[in-house]
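# Geometric and topological summary
Below, each chain spelled out in residue letters.
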Amino acid sequence: MGLEFTIMIKRIFDPNASKKGVALVMALSAIALMTIVIVAFFSRALLNRQISEAATQNIKADLMARAALDLAVGQLREEIRDGTGNEATTTNGITRFRPDPDLANGDRAIVPSVNGTVESSAGANLLKVSGASFFTRAGSVDPQTLSSTQDTDSASLNRRYVSEARWYDVNVGGAGLGDNGGTSVPRWNFMTRNNGVQGSPAIADASNSANDDFVVGRFAFNVYDLSGLMDINIGGTHSGSVVADDFGRKGSLAYSDLSAIPGITEDSLVQWRNRSSYTNWNSFQAWALGGSVSGADQKYYNAADSGHISIAQGDNTFVNRRDVVRAAQQNQAGLTQNALPYVTHWSRSLDAPTFRHQSVSTLNPDLSNVRVTGSFTRRDGTTAQVGENLVRKFSLSNLAWLTYQGPAAGASAANIKSYFGLEWNSTDDWWEYTSPDSTSVATRIKTLDEIAGTREPDFFELLQAAIINESLGQSSDQTLASTAAIDASSAIQIIRIGANIIDQYDEDNFPSSILFNDAGALEMSFFGIENLPYIEEIFYKYYGNGTGNGNNIKSHFAFELWNPHKSFSGNAALTPDRVRVNIASGRFENFIVRNNGGWEARQITSFPVSSGIPTSSGGLESFRANPRLVSNAADSSFESVLGYNTLEAYDYTIDTSVVGSDWNRLVGVWLNSAIVTLEYEDASGNWRPYSSFAGISELPATGFVPRSTGSAWWLAQRWEGAYITGTTDPFGLSYIKSDPRTYRFGTSGIHERSWNTVPYNDTRDRWGRTLRPNDGGTAPSNSYGYLTGYSGNTASPKKAPRTNFAQTGGYYFGALVENTAAQPYYYEDRDGVVRPGDGYLGANPMGTNTSFRPVVLNRPFRSVGELGYIYRDMPWKTLDLFSTNSADSGLLDVFTVKNGDVPVVAGKVNLNTLHREVLEAILTGVGTDEDSISTSDLDSPQMVAQEIVNSSSATLITNPTDFVNTSAGLTNLSYTVKSQRESAVRALAENLSTRTWNLFVDVIVQTGSYPTSAGSLTDFSVNGERRYWLSVAIDRYTGKVIDRQLELAYE
Amino acid sequence: MSNMRKNPNQNAFSLIELLAAITVLAVLGAIVSQMIGATNQAIRISTSKIDATSQARLAFSRIERDILQILKRDDADALFTNATSPTSGDEVLKFFSAVTSEDRAVASPNRGMSLVGYLVGGHTNTGGKLCLQRGAVAIHYSDVGFMGLTNSGSPILFTDALSSVPNLNPVGNDYDVLAEGVFRVWISFQLNPQEADGSGNISVGQIHTTSSPSDRAANGNVYVNPPVRRPSTTGSYFVNFDALSSIVVGLVAIDLESKKLLSTTQLDSVATAFGNLSDGQLPVEQWGPIADNSSNFTGIPLAATKSIRVYQRSFPITPAWASNSQL
């Protein structure tokens, strides 16, 4: 080595050696150095480029993934647009697509279709799998052609594939945890350079960068329908904090019993989720129900008023699907993987009505198609754009603003005016319905199309729109029925129903009064029904000295009061101490004496002085009672039952100079042109009317007296008294209403036979016939007389011809309790439909079983289904949420107990769900009896749930109200009591939806290309990949995306 | 040896020859040296640019992943702001995100969520020099009580006593160096154009800014403060995700070799040269000319100033195809 180095040095300095080598070495060294530097640079640059390329590919993948999601959502919206039977209507560019349940003529269903790639054995939630078009054309819109044969679990050129296990780790499928029938996986669709998305491009084109079909990426997806799943961010209650009564009233998805759903430990779930709010029931109630409950906890924990979009202070929530899956995989938060096919973390529903009567009219429009005709500012401050849907749900919690003494503390008069159209008259202490547009008492209730350009509808306008108008305004066609004109007004009945709703909601038993002026001809106050006695019957009774035709024949009017409701409820301090019957005006008419074939009036010659003097006009206070003592018991001893007790007796002496001993002469007394009111005493000692007795009038033209200052209620009436046909067997006359709470159809006059020498002597002084349940133990009973509403014509009430009121046949006063065509006496509504009374299933609401009686809640509604407790101002009819011919089911879609100003809410379950378990969870534990709500659980929630699933599987349910009208789920319930049967409705009403598609799109995108050498579509070279999970809510009626959540799917 | 003896004078280089040779070699050497120097210079510039870009990409990539999974909820606190000064070390972004981070020693399983924060400040690992730092703390199923609305309708704050989730402490050890070469960050907010009403202003006061709580035009404009909401007519403002279209992040980065040329003070002065932006201004538009002009950085080595780069990227918050305004 040393020798060689020496030689080399010598050569360098050897002058004889070649000098060219030095320059060469130096040049080569420089070149080598530069090469190294440059190579290092380019190496670094190349590496950087690769990093950049990778980042670019990720960005490309991200963009493509979003594009794929756009395509998926776009195709879903196209599916809505398809269908010639959609009754698509467009206003100002906004189209409404109404699904038609018959699915004929190219209609599209209310639910998205299952596309051809989903195998029949797939889970219930799997809806669409890539590889085929999103939908099959039924109408006028072609789906994008996306047929493909490239399975995603086939390896690409660089060995990239998506396994079946990876696809279905989302776990939102059915029994197979999302597996599409075992081995099937989504297939790739291809994004091309210039030809959009292709299902199966030719490989020669796909690999040719100059061709429009050159593939730049591919994507595949699964679409799941989560509309029918349980939102576990809301559903479920902790057993340790639950108050059974409240739970039994339901009203929130939170009050679900999750034991019906596999794989959930409910207490653990709620303890984790409601970490802060579950610790006591008040806070949990505040969280679950929001503004519909009161209390200090409400403001801290209220999540319901946001539609459960937000959560309560200190609570927790599943933030995305991966969060749920991870929890289930790790057995956290009470979840196991068995629960995953039944639960979702995200549900959104457009909480706007779609109810549509079979016969659409101006009064009952298709609520999904009432458009804003002029821009205005909505109550929540947003701008209503022309063409958008006018109607949003109305929150019944707004009823808290109203009291019988005016606006509640803190309530805004302006809001009351806007939401209810009411103004408080502090002079006369009553509400005046003016509508939001006026300051004068309204003469009608406006229709929705009248106000669509200026404002949102008020409470009464929505009532009018939702209740089939032909079912209202039933009246007698008999001129004797002095109330016929009032009864015939459907607007008045709406006002009354509205007042009844107000008084059910408030906690007091002081009836609210609303002044309304129907058609400008009659300005009257209308009162809400409270848990108070009402005049059931006026009975004219007389007695004498034992001969019956001598002097000093005495008589009295008796007023039978009856509180037909279930046992008294409510705060005693918020109940009137006293009520009285008052003949506010009118007079005792003279005796009418038949004198040799003619009639002659004679003055009553004496009156008792025990309690007021009946003068020739007015001023008779007849009866006082403590309404809280009024019993509902079926007591046969009317004397001991204050509600059945008689009033003051008024004696008079017959002028024997006229009557003499002629037994054949008729004797009578009229209470003529009288205003008989039932009044309560308010806290200031003022007597305020709340009910009246009306019925037969022979003077219909004077049946109504113009209102004058200070009086609230007007109905002049003349009741004929009694007549004597014999010395020992005189007749009395009773006038009975079919229902103490209403005078609709007037009163029935009934001949009574009762004679005694001393008043109140024995049971003979009882009313001979009455609605009282103690009348022979059965009611209705038959009697003699005539019904003011009878008719031999076609007018209502029908099927009650005069002959049936003959003495031989008798008239069953209580027939209207059932009102079915199977009964001898019934009436049809104006649309020809016979709608049943509350007792048509056999449980008589005025019978001896007090558990069948009507209910006055005196508390805020827990569910819109509790509107079934509202008296309908028809004999023995509450709002019907239980029969197939219900005219009131639309109310379920118009009102809510939740905050109605939140248009998009969480926690609704699609009624067309295939998961019986979810519906069962909602139904389980609902109380059937308001008096024993915690111990009267619905007998068979699983059966009801299964029947709903069976029903919707056979015929899709297009509106939540169809649950009532089709009786899906109610068919086999054994309950005969209306309120018990409606318990299923109360449980479900606030939690159902049909108009919003809640879908979950699982999309995987791979960027890359085909090399020119590619022989088939399998030879794709993958550069980048991205997977997204998209939760999206689409309004079926407009095709609009109402909300979405995009989730980067980490694995 | 025999040749030397035989003709020693004729075989030697003359001085002139030697000088000529040296001159030629010197020229050649100079040329080669210049070539190498120029190449090195070009490589160094390119490398510094690549390095700076890598730093920016690193930052953007991480921010993207975090923002992509951000919890856009009214009941989850979020901090979107800009530092009071380029050297303050204030947190500029802090939010909950559905990204997994390193687990803590707790029994409860990791939820795959994190509280994530970003700031620009000095860090011990960088000798106190400014750098972009990211903090993240894992959230477990046992961690509860950090979400929800308070009685005033406000989200539970990161600092709320109810929170059982460890907060990120900007002056503690919660933050790690994410991009050492990034020393200045600016965040702007593009409002959702679909939130605009007919007059060009947002209806019902849904769009405010924390600095000036008045209605702003929202036709896609960029603001230096986020859109906010306020639960009531009084009280604090909170980020209104519904009105936010995208977050525009601007970064100023320098390659790490060049950064070594700068002292902490010098780096601070460079960062300060990139002043705060105003509404409607974008980072590259405003800061790009500053970075390109070395005279803006007095007393700073030219080699370092040449390496300063400005980057900008938008991170969409609301996909354009879906908006509540379609209701």
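This text goes with the structure placed above it.
Residues numbered from 1 in each chain as written. Chains lettered and ligands numbered in written order. Predicted model: local features only at pLDDT ≥ 70, side-chain atom pairs only at ≥ 80, totals over all residues. Heavy atoms only, no water.

### Digging into the packing of helix α12 (residues 459-466) of chain A against helix α14 (residues 490-505) of chain A
All names here are of chain A. In contact at an axis separation of 10 Å, α12 and α14 are set at 115° when each is read in the N-to-C sense. Where α12 crosses over α14, the two elements pack in a sense that is right-handed. Here F459, F460, L463 and Q464 of α12 come into contact with α14, specifically with I494, I495, G498, A499 and I501. The residue makeup of the contact of α12 with α14, split by class, is 7 nonpolar, 2 polar and no charged. (Axes fitted to C-alpha atoms, helices over the stretch in contact; angles between N-to-C directions. Helix = DSSP H or I, 4+ residues; strand = E, 2+ residues; numbered from the N terminus. Left-handed = near helix turned anticlockwise from the far one by under 90°. Contact = heavy atoms within 4.5 Å. Nonpolar A, V, L, I, M, F, W, Y, C, P; charged D, E, K, R; others polar.)

### As for the interface of chain B and chain A
Taken together, the 56 residues of chain B in the interface contact 61 residues of chain A. Carbon and sulfur atoms make up 57% of the area that chain B and chain A hide from each other, which totals about 5100 Å². Linking chain B with chain A are 2 salt bridges. Top element by residues in the side of chain B that touches chain A is helix α2 (residues 15-68) of chain B. It accounts for 16 residues. Tallied by class, the residues present in the side of chain B that touches chain A amount to 26 nonpolar, 20 polar and 10 charged. (Buried area = accessible area lost by both parts, 1.4 Å probe. Salt bridge = Lys/Arg side-chain N within 4 Å of Asp/Glu carboxyl O.)

### Concerning the sheet that holds strand β10 (residues 244-253) of chain B
Residues and elements named next belong to chain B. What the 4 strands build is an open sheet, ordered β7-β6-β10-β11; its pairing is antiparallel. Where the open sheet ends on each side, the last strands, each with one partner, are β7 (222-223) and β11 (309-316). Contacting β6 (182-191), β10 and β11, α2 crosses the sheet at an angle of about 20° to β11. Across the sheet, helix α5 (residues 283-292) lies against β6, β10 and β11, angled at about 170° from β11, the strand it touches most. (Pairing = 2+ DSSP bridges.)

### A look at unusual backbone geometry
Residue and element names in this part refer to chain A. Non-glycine residue N858 carries a positive phi angle of around 50°. One can find N858 in the loop between β31 (811-812) and β32 (871-874). Residue classification places N858 among the buried residues on the basis of a relative accessible area of 6%. With a phi close to 60°, D873 is a non-glycine residue in the positive phi region. With respect to the element layout, D873 can be found in strand β32. (Buried < 20%, exposed > 50% of the residue type's maximum accessible area, 1.4 Å probe, protein only.)

### Re the pairing of strand β16 (residues 430-433) of chain A
In summary, the side chains of a regular strand alternate between the two faces of the sheet. All names here are of chain A. Side-chain alternation along β16 places W430 and E432 on one buried face and W431 and Y433 on a second face that is also buried. In the sheet, strand β15 (residues 422-425) pairs with β16 via 4 bridges, with the strands oriented antiparallel. Pairing of N425 across the sheet is with W430, part of β16. Where β15 folds back onto β16 in an antiparallel hairpin, the turn is made up of 4 residues, including D429, whose phi is positive at roughly 60°. The pairing of β16 with strand β17 (residues 513-518) spans 2 bridges and is parallel.

### Regarding the nonpolar core
Judged by nonpolar contacts, the single largest core of 126 residues is most densely connected at L867 and F895 of chain A. Among the elements that take part in this core, α14 of chain A stands out by supplying 9 residues, more than any other. For L867 of chain A, the contacting residues outside a window of four places in its chain are L396, I501, F861, L879, L881, L891 and F895 of chain A. Grouped together as the second largest cluster of nonpolar side chains are 54 residues, A179, F183, A271 and F315 of chain B included. (Core = buried A, V, L, I, M, F, W, Y, C linked by side-chain atoms within 4.5 Å.)

### Digging into the pattern of salt bridges
Residues and elements named next belong to chain A. This model, assessed by the stated rule, comprises 51 salt bridges over all chains. Residue D246 is joined to R249 by a salt bridge in which the shortest nitrogen-to-oxygen separation is 4.0 Å. Of this pair, D246 and R249 both sit in helix α5 (residues 244-249), separated by 3 residues, roughly a single helical turn. A relative accessible area of 15% places D246 in the buried class. Among the charged side chains, a salt-bridge network with shared partners connects D246, R249, R859, R862, E866 and E930.

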